[in-house]
Amino acid sequence: MVKIALLGIAAVLIAVKLKNVQPEYGIFIGVAAGLIIFGFSVTRLQVILSEIEKIRQYLSVHSSYVAVVIKVVGIAYISEFSSNLCRDAGYSGIASQIEMFGKLTILVMSLPVLTALLDTIQQFMG
């Protein structure tokens, strides 16, 4: 975590310094640092996925539900990451559209789980 924090701080300091000379280089530095940090985040994702698989084995949860949860979390992280990059570059309109599309995608992805939950509730009541 310290390495990532230092990388982020260094990128911001370089981008601020270059902003006065070549503004586009500051944006490139920010995007590059963001991608590097995102790459490190993906390596952490492997650990999380293996732990989720262990939890799934303990519980009698259908594997498709776990897959939906993992996809939803991935969509949330990707949409937040990309919208933040756009916002940092000064394109808040595009950032808002990415966020909206991410939220709609999460809603669509979660509909089968919601339907299964409602079916289960209906079975208990009927």
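Starting afresh in each chain, residues are numbered from 1 along the sequence in its written order. Local features in a predicted model are, by the rule used here, given only for residues with pLDDT of at least 70; side-chain atom pairs are given and counted only at 80 or more, and totals for whole chains, interfaces and linings are based on all residues. Excluded from the side-chain calculation are hydrogens and water; included are all heavy atoms of the structure.

**What about the pattern of salt bridges?**
Under the convention used in this document: Salt bridges are defined as contacts in which a side-chain nitrogen from Lys or Arg sits within 4 Å of a carboxyl oxygen from Asp or Glu. Put simply, DSSP H or I for four residues or longer makes a helix, DSSP E for two residues or longer makes a strand, and each gets a number counted from the N terminus. Note on classification: 1.4 Å probe, protein chains only; a residue is buried when its accessible area is under 20% of the maximum for its type, exposed when over 50%, partly exposed between these limits.
Inspection of every chain in the model, using the stated rule, returns 2 salt bridges. The partner of R87 in a salt bridge is E99, with the nearest N and O atoms 3.2 Å apart. Residue R87 is found in helix α3 (residues 63-88), and its partner E99 is found in helix α4 (residues 92-125); the two are separated by 12 residues along the sequence. We classify R87 as partly exposed; its relative accessible area is 33%. Relative accessible area serves as the criterion here: at 25%, E99 is assigned to the partly exposed category.

**Details of the side chain of S83**
The cut-off we apply is this: We call two N or O atoms a polar contact when they sit within 3.5 Å, provided that within protein one can donate a hydrogen and the other can accept it, with sequence-adjacent residues counted only if both atoms are side-chain atoms.
Within the secondary structure layout, S83 lies in helix α3. In terms of polar contacts, S83 uses its side chain to reach the side chain of E99, at 3.2 Å.

**Details of the side chain of S79**
Rules: Residue contacts are defined here by distance: any two heavy atoms, one from each residue, within 4.5 Å place the two residues in contact.
Looking at the secondary structure, you find S79 in helix α3. Take S79: its relative accessible area is 12%, and that puts it in the buried class. Not counting residues up to four positions away in its chain, the partners in contact with S79 are I98 and G102.

**Structural notes on the packing of helix α1 (residues 2-21) against helix α2 (residues 23-58)**
For clarity, the threshold we go by: Here an axis means a line fitted to C-alpha atoms, over the contact stretch when the element is a helix, while the angle between two N-to-C directions is reported on a 0 to 180 degree scale. If an angle is under 35 degrees, it is roughly parallel; if it is over 145, roughly antiparallel; if it lies from 65 to 115, roughly perpendicular; otherwise it is oblique.
Interhelical geometry of α1 versus α2 gives an angle of 170° and a closest axis separation of 7 Å. Between α1 and α2, the angle is such that the two are roughly antiparallel. Of α2, the residues touching α1 (which contributes I4, L7, G8, A11, I14, A15, L18, K19 and V21) are P23, Y25, G26, I29, A33, I36, I37 and F40.

**Thoughts on the confidence of the model for the chain**
This is how the line gets drawn: Each residue carries a pLDDT score, the predictor's own confidence in it, on a scale running from 0 to 100.
Scored by pLDDT, the chain comes out at a mean of 85, with 98% of its residues at no less than 70. Least confident of the elements in the chain is α2, whose mean pLDDT is 82; most confident is α4, at 91.

**Considerations on a nonpolar patch on the surface**
In plain terms, the rule: Patch membership requires more than 30% relative accessible area and the absence of a salt bridge. Residues of like charge join within 9 Å; the nonpolar side chains Val, Leu, Ile, Met, Phe, Trp and Tyr join within 5 Å. Accessible surface area values rest on a Shrake-Rupley calculation with a 1.4 Å probe, where residue burial reflects the displayed protein chains alone.
Where nonpolar side chains cluster on the molecular surface, the patch consists of M100, L104, L107, L111, L114, L117, L118, I121, F124 and M125 and spans about 1100 Å² of accessible area. Secondary-structure assignment places F124 in helix α4. With relative accessibility at 72%, the residue F124 sits in the exposed group.

**Here we look at the packing of aromatic side chains**
Going by this rule: Working definition: a ring pair exists when centres of Phe, Tyr or Trp rings (six-membered ring for Trp) sit within 6.5 Å. Plane angles under 30 degrees give stacked, over 60 give edge-to-face, the rest tilted.
What the rule picks out here adds up to 2 aromatic pairs. With a centroid separation of 6.4 Å and an interplanar angle of 45°, the aromatic rings of Y25 and F28 are classed as tilted. Note that Y25 and F28 are positioned in helix α2 at a spacing of 3 residues, about one turn of the helix. On the basis of relative accessible area, Y25 is assigned to the partly exposed category, the value being 43%. Both rings, one in F38 and one in F81, keep their centres 4.8 Å apart while their planes meet at 25°; by these two values the pair is stacked. Pair noted here: F38 is in helix α2 and F81 is in helix α3, with a separation of 43 residues, a long-range link. For F38, a relative accessible area of 29% corresponds to the partly exposed category. Classification of F81 as partly exposed rests on a relative accessible area of 22%.

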